[in-house]
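Read off the chains here:
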Amino acid sequence: MRGIVFAILGGACITLQGVANARISQDMGTWPAASVTQLTGFLMALVILSFVRDSKQYWVRQVNPLYVLGGALAAPIIFSEVTAIRHIGVTLTISALLIAQLSLTFVIDAGGWFGVAKKRITAAQCIGIAMMIAGVLFLKM
Amino acid sequence: MAGGLVLALIAGALVSLQNIFNNRVNAATGLWSTTTLVLGLGFAASFIISLAVEGTATFQLDQMKPWYWISGVIGVGVVICLVQATKMLGPTFAISIVMTSQLGFALLWDSMGWLGLAKVPFTINQLIGVLVIIGGILVFKLGGSQEKQEARKVREGGE
């Protein structure tokens, strides 16, 4: 039960994050807005990290630099999401975003790219994505 | 309209990549090291682009309202909630509920126009659309998961 509450809150926070970024970008521009929200998030995470200290040793040498630099992807993600929310609204943005997210994860799993364990494509996954696209068509009607 | 949709699709594809990359970093370091690193790099990239695009306007913070400073904390909330939910429910169920909740709140937000965003009027088509999408997420995530769980049980039983 507590797990479900955390999951619902987590989803609410993800949507709220997009909405807050879109709202802030109306006032100060998208890139400064993305900078401010991530700076505060970074400082907060830094404070938590200083208490938790969960870093293992030698980690920099173990991780492919491509994966480390993945953090910078947040910049184009925020820009695209914020611009989309301002043009087509929150519901349509989140719907399209989730379709692309699940579809690419599914393709990466099927191809075993980036060293992920290769998974078989199931009929249920294809039907699921088709249903999501059908749902978006309804939204646009 | 089409431009907005394309941007949303790009964002989703990048989120998928970022999740995979973050998981890699997470496995080698730790949750909060990863979160700090990701937010720090995200800030650095946004700040550099902001300087290039907006120039000194980046530092004109007179439009800032106090709550903007705490908006970043939402991102930390996301990490805490997702980790706890995944621990308690397992990734498949947790992410199914997270995505359902994302869409539900998106519809609520559009209908209410909270925080001064343009209101998108609530229609029955929108409700049907969101319910069909949620159905799609559940079929995608949970369809066929029974056999996976059984396979896991067999594996665990054998150990």
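All values reported here derive from a predicted model rather than from experimental measurement.

1. Points about the overall build of chain B
Of regular secondary structure, chain B possesses 7 helices and 0 strands. Secondary structure elements of chain B, listed N to C terminal, follow the sequence α-α-α-α-α-α-α. Computed over the C-alpha atoms, the radius of gyration of chain B is 20 Å, more than 25% above the 15 Å expected from 2.2 N^0.38 for a compact globule of 159 residues. Projected onto its principal axes, the C-alpha coordinates of chain B cover approximately 65 × 45 × 30 Å. Within chain B, residue pairs in contact and separated by at least 24 positions form 45% of the contacts whose partners lie at least 6 positions apart. For chain B, the accessible area works out to roughly 8,000 Å², and carbon and sulfur atoms hold 68% of it. Of note, chain B has its 9 positive side-chain charges centred 4 Å away from the centre of its 7 negative side-chain charges.

2. As for the interface of chain B and chain A
Taken together, the contacts link 95 residues of chain B with 101 residues of chain A. Interface area, chain B with chain A, both sides summed: about 8,900 Å², of which 77% is carbon and sulfur. If you sort the residues of chain B by the area they bury against chain A, B:F21, B:Q102 and B:F140 come out on top, with a joint share of 8%. Scanning the region where chain B abuts chain A turns up 1 salt bridge. The residue B:K65 makes a salt bridge to A:D27 at a minimum N-O spacing of 2.8 Å. At the boundary of chain B with chain A, the tally comes to 21 residue pairs in polar contact (both at pLDDT 80 or more). Looking at the side of chain B that touches chain A, the elements that each hand over two or more residues are helix 1 (2–28), helix 2 (31–54), helix 3 (66–70), helix 4 (73–89), helix 5 (91–112) and helix 6 (124–142) of chain B. The element contributing the most residues to the side of chain B that touches chain A is helix 1 of chain B, with 21 residues. Classifying every residue of the side of chain B that touches chain A by side-chain character gives 60 nonpolar, 29 polar and 6 charged.

3. Here's the deal with the UniProt feature "transmembrane region" (unreviewed entry) in chain A
All names here are of chain A. Here the UniProt feature "transmembrane region" (unreviewed entry) sits at residues 32–52, 64–82, 88–108 and 120–139. Counted over residues 32–52, helix gives 100% and strand 0%. Its end C-alpha atoms are 30 Å apart. Measuring from the first to the last C-alpha atom of residues 120–139 gives 31 Å, for a span that is 85% helix and 0% strand.

4. What to know about the UniProt feature "transmembrane region" (unreviewed entry) in chain B
In the UniProt entry, the feature "transmembrane region" (unreviewed entry) is given for residues 37–55, 67–86, 92–110 and 122–140 of chain B. Annotation note: span residues 92–110 of chain B, helix share 100%, strand share 0%, distance between end C-alpha atoms 27 Å.

5. Considering the domain arrangement of chain A
Residue and element names in this part refer to chain A. Splitting chain A by domain gives domain 1 (1–86) and domain 2 (89–141). Of the residues lining the interface, 7 residues belong to domain 1; the matching set on domain 2 comes to 6 residues. Between the two partners, domain 1 and domain 2, sit 0 salt bridges. On the surface where domain 1 and domain 2 come into contact, there are 4 residue pairs in polar contact (both at pLDDT 80 or more). Among the secondary structure elements, those contributing two or more residues to the side of domain 1 that touches domain 2 are helix 1 (2–28), helix 4 (65–69) and helix 5 (74–88). Its residues placed into classes, the side of domain 1 that touches domain 2 shows 5 nonpolar, 1 polar and 1 charged.

6. Considering helix 5 of chain A
Over its 15 residues, helix 5 of chain A runs 21 Å from end to end, which matches the ideal 21 Å to within 8%, given 1.5 Å per residue. Most of helix 5 of chain A sits out of view: 11 of its 15 residues are buried. Buried residues of helix 5 of chain A: A:A74, A:A75, A:I77, A:I78, A:S80, A:E81, A:V82, A:T83, A:A84, A:I85 and A:I88, and no others. Residues of helix 5 of chain A that are buried make contact with helix 1, helix 2 (30–52) and helix 6 (90–111) of chain A together with helix 1 and helix 2 of chain B.

7. Digging into the layout of surface pockets
By volume, the second largest pocket is sized at about 260 Å³. Lining of the second largest pocket is provided by 19 residues; of these, A:I88, A:G89, A:V90, B:D110 and B:V120 occupy positions nearest its centre. Where the lining of the second largest pocket is concerned, the elements lending two or more residues are helix 5, helix 6 and helix 7 (123–140) of chain A. If one sorts the elements of the lining of the second largest pocket by residue count, helix 5 of chain A sits on top with 4 residues. Mapped onto the domain boundaries, the lining of the second largest pocket takes at least three residues apiece from domain 1 (1–86) and domain 2 (89–141) of chain A.

8. Some points on a nonpolar patch on the surface
Nonpolar side chains collect at one region of the surface, where A:M1, A:I4, A:V5, A:I8 and A:L9 lie side by side and expose about 460 Å² of accessible area between them. Tracing the sequence through the fold places A:I8 in helix 1.

9. Points about the packing of helix 7 of chain A against helix 6 of chain B
Viewed as axis vectors pointing N to C, helix 7 of chain A and helix 6 of chain B meet at an angle of 170°, and their least axial separation amounts to 7 Å. Between helix 7 of chain A and helix 6 of chain B, the angle is such that the two are roughly antiparallel. Here helix 7 of chain A contributes A:A124, A:Q125, A:I127, A:G128, A:I129, A:M131, A:M132, A:A134, A:G135, A:V136, A:F138 and A:L139 to the contact with helix 6 of chain B, which in turn contributes B:N125, B:Q126, B:I128, B:G129, B:V130, B:V132, B:I133, B:G135, B:G136, B:I137, B:V139 and B:F140. Tallied by class, the residues present in the contact of helix 7 of chain A with helix 6 of chain B amount to 16 nonpolar, 8 polar and no charged.

10. Quick notes on the confidence of the model for chain B
Averaged over every residue, the pLDDT of chain B is 86; the share at 70 or more is 91%. The spread of mean pLDDT over the elements of chain B runs between helix 7 (residues 145–158) of chain B, the lowest at 50, and helix 6 of chain B, the highest at 94.

What counts and what doesn't
Note on numbering: residues in each chain are counted from 1, in written sequence order. Each chain takes a letter, starting from A, and each ligand takes a number, starting from 1, following the order in which they are written. Local features in this predicted model are restricted to residues whose pLDDT is 70 or higher, and side-chain atom pairs enter the listing and the counts only when it is 80 or higher, whereas totals over whole chains, interfaces and linings include all residues. Side-chain metrics rest on all non-hydrogen atoms present in the structure, leaving aside hydrogens and water. Numbering of helices and strands runs from the N terminus, with a helix taken as a DSSP run of H or I at least four residues long and a strand as a DSSP run of E at least two residues long. When we talk radius of gyration, it's over C-alpha atoms, and the globule rule is simply 2.2 Å times the number of residues to the 0.38. We call two residues in contact when some of their heavy atoms are within 4.5 Å. Every accessible area reported is derived by Shrake-Rupley at a probe size of 1.4 Å, with residue values counting cover from the shown protein chains alone. Positive charge is attributed to Lys and Arg, negative charge to Asp and Glu, and no charge count is given to His or to the chain ends. By convention, the charge on Lys lies at NZ, on Arg at CZ, on Asp at CG and on Glu at CD. By definition, the buried area sums, over both parts, the 1.4 Å-probe accessible area that each loses when the two are put together. Here, a salt bridge means any side-chain nitrogen of Lys or Arg that lies within 4 Å of a carboxyl oxygen of Asp or Glu. Residues adjacent in sequence count toward polar contacts only when both atoms are side-chain atoms; beyond that, a polar contact is any pair of N or O atoms within 3.5 Å, and within protein one must be able to donate a hydrogen and the other to accept it. Polar here means any residue other than Ala, Val, Leu, Ile, Met, Phe, Trp, Tyr, Cys and Pro, which are nonpolar, and Asp, Glu, Lys and Arg, which are charged; Gly is therefore polar. UniProt positions are given in the numbering used here, feature names are shortened, and annotations may be inferred rather than shown by experiment. Start and end points for every domain follow an automatic or database-based domain assignment. Given a helix with a known number of residues, its expected span is that number minus one, times 1.5 Å. Only protein chains enter the accessibility calculation, which uses a 1.4 Å probe. A residue is then buried if its area is under 20% of the maximum for its type, exposed if over 50%, and partly exposed in between. Of the grid points, spaced at 1 Å and generated over the protein atoms alone, those admitting a 1.4 Å probe that cannot get out make up cavities, while open sets with protein on both sides within 12 Å along at least five of seven lines make up pockets; any residue with an atom within 4 Å of a point is treated as lining. Grid points are joined across faces, edges and corners, and a volume is the space filled by probe spheres set on the points. Candidate patch residues must exceed 30% relative accessible area and have no salt bridge, after which like charges are joined if within 9 Å and Val, Leu, Ile, Met, Phe, Trp or Tyr side chains if within 5 Å. Helix axes are fitted only over the stretch in contact, all axes being lines through C-alpha atoms; the angle between N-to-C directions runs from 0 to 180 degrees. Small angles under 35 degrees read as roughly parallel and large ones over 145 as roughly antiparallel, with 65 to 115 read as roughly perpendicular and the rest as oblique. As a per-residue measure, pLDDT tells how confident the predictor is, with possible values from 0 to 100.

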